[in-house]
Amino acid sequence: MSLQERDQKHLWHPLTQHKLHPDHLAITHAKGALLFDENGNTYIDGIASWYTCMYGHCNDYIIKKTTEQLSKLDQVVFSGFTHKPAVEMSEKLMEILPKNQQKIFFSDNGSTTVDVAVKMALQFHFNQGKKMNRIIALEDAFHGDTFGAMSVSGLSVYNGPFEDFLLTIDRVDVPTHDNFEKVKEHFSQIIATGEVAAFIFEPLVQGAAAMKMYPAELLNALIQIAQQNNVLCIADEVMTGFGKTGKYFASDYLQNKPDILCLSKSLTGGVVPMGLTTCTQQVYDAFYDTEISKGFFHGHTYSANPLGCAAISAGIDLLTSDEMQQNSIRIQQRHNDFNKKIQTHPKVKSTRQTGVIFALDLNIEMDRYGNLRDQLFEFFMNRGVCLRPLGNTVYILPPFVITNDELDKIYETIELALENF
Ligand SMILES: *Cc1c(COP(=O)(O)O)cnc(C)c1O
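Owing to the predicted nature of the structure, the values given are computational and were not obtained by experimental measurement. (Residues numbered from 1 in each chain as written. Predicted model: local features only at pLDDT ≥ 70, side-chain atom pairs only at ≥ 80, totals over all residues. Heavy atoms only, no water.)

*Asks:* Summarise the environment of Val 114; cite the residues concerned and give the values.
*Replies:* Looking at the element boundaries, Val 114 is found in helix 5 (residues 110-126). A relative accessible area of 0% places Val 114 in the buried class. Through-space distance from the C-alpha of Val 114 to that of Thr 351 is 29 Å; in sequence the pair is 237 residues apart. (Helix = DSSP H or I, 4+ residues; strand = E, 2+ residues; numbered from the N terminus. Buried < 20%, exposed > 50% of the residue type's maximum accessible area, 1.4 Å probe, protein only.)

*Asks:* Can you break down unusual backbone geometry residue by residue, with the values?
*Replies:* Located in the positive-phi region is Tyr 51, a residue other than glycine, with phi close to 65°. By the secondary structure assignment, Tyr 51 is in helix 2 (residues 48-51). If you check the backbone angles, Ala 210 has positive phi at about 60° while not being a glycine. Along the chain, Ala 210 falls in the loop between strand 8 (205-206) and strand 9 (212-213). For Ala 210, a relative accessible area of 15% gives the class buried.

*Asks:* Explain the layout of surface pockets residue by residue, including any values.
*Replies:* The rolling of a water-molecule-sized probe over the atoms marks out the regions of remaining empty space. Volume-wise, the second largest pocket comes out at about 820 Å³. Of all the elements in the fold, those that place two or more residues in the lining of the second largest pocket are helix 4 (84-96), strand 4 (101-107), strand 12 (275-280) and helix 9 (281-285). The residue inventory of the lining of the second largest pocket, partitioned by class, reads 16 nonpolar, 11 polar and 2 charged. (1 Å grid on protein atoms, 1.4 Å probe; cavity = no way out; pocket = protein on both sides within 12 Å on 5 of 7 lines; lining within 4 Å. Points joined across faces, edges and corners; volume = space filled by probe spheres on them. Nonpolar A, V, L, I, M, F, W, Y, C, P; charged D, E, K, R; others polar.)

*Asks:* Tell me about the site of the ligand, residues and numbers included.
*Replies:* Around the ligand sit Asn 109, Gly 110, Ser 111, Phe 142, His 143, Gly 144, Glu 202, Asp 236, Val 238, Met 239 and Lys 265, and those are all the residues in its vicinity. At 2.6 Å, a side-chain N or O of Ser 111 approaches an oxygen atom of the ligand. Contact with the protein chains hides 80% of the accessible area of the ligand, taken as 380 Å² for the molecule alone. Across the shell around the ligand, the residue classes break down as 3 nonpolar, 5 polar and 3 charged. (Near = heavy atom within 4 Å. Polar contact = N/O pair within 3.5 Å; in protein donor to acceptor, adjacent residues only side chain to side chain. Areas by Shrake-Rupley, 256 points an atom, 1.4 Å probe, with all protein chains shown as cover.)

In structure tokens:
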């Protein structure tokens, strides 16, 4: 029996209606930007396996660093204990984070980094004797699938069964040059209640909302209003972090730095699940007290797993290397050239690009093609290109190590799709 057949007996896949989608492609190995399946087919990973493996699959340097760590220390409780991989990682990360960040809190994935951030923000005010129980989030946001993260997410199509149990959130439109005065007014009105603990956002690019992009200066203006009113600003950089927007962090495009950052996905280069919530000294100081209950009583068993920390350090070495930075510029230029070529195509409604993220909206009637998204996905996979369209948006977020030939194959396959749909 194939892996694909054996899979169906016991495995339950994420975000899947199994009755409609019973088959899952079995990947046996991967290297660089390539995935290999059990039938001998090869696919170019055009989305870096959900934005994780940005330095390429099975990166030799990350393998070396994590293997070395694995034979020294595998795991130890992080309450009351510490270790070199965590300390070294913290020093390296501070070198590249926005300068106002000082403290690092561990969890295991993107959703938990958001839950931690939300709890941190609520307790920050609570510890100072203030009851701030409102949180502002953006429309169409995606922050994860645990209860706190689900609450602040605005893409609620899947949240039906849980809606009654979620935190109450004040939601504002994503700012654009057209709506900004209205958004600003709405935002200021909510802040004026004096009950807002935090403002959470995906800076510059909303990944799950089909790579919706919005201007840094408008977000910057909202952050300014929030911070003038003692509202903590949380940048969910789970997707945008570690070079995807062309700078180390999307927050690097902002003058007003967020108080709290959420990091995961390519944090470990895709080898170990891990999440970090970082914050300013000011946030940390609100918890620093002789009173035990003012501490932050949140903890995950695998906090600061040494293997994960070693992978983060290796990832930062790679991210900051000339090689990776040049790769990023190369990809951005190629995206740019591709954009010039296709943006006027009659089947292209619009295109957008931030850093190595490129997205295009198709000008195709969804109804006419039934499930366009599934058909596009199949079209790409049949030609050896792994892209996962969101609705009628096709986007590319390749690993930095992708070769020019591999990029060209992705572009050509998208052009072919434009001719065939
Ligand atoms: C993926 C994602 C999350 C959730 O991360 P998980 O590791 O899947 O829990 C949260 N926020 C953003 C912006 C994401 O892209």
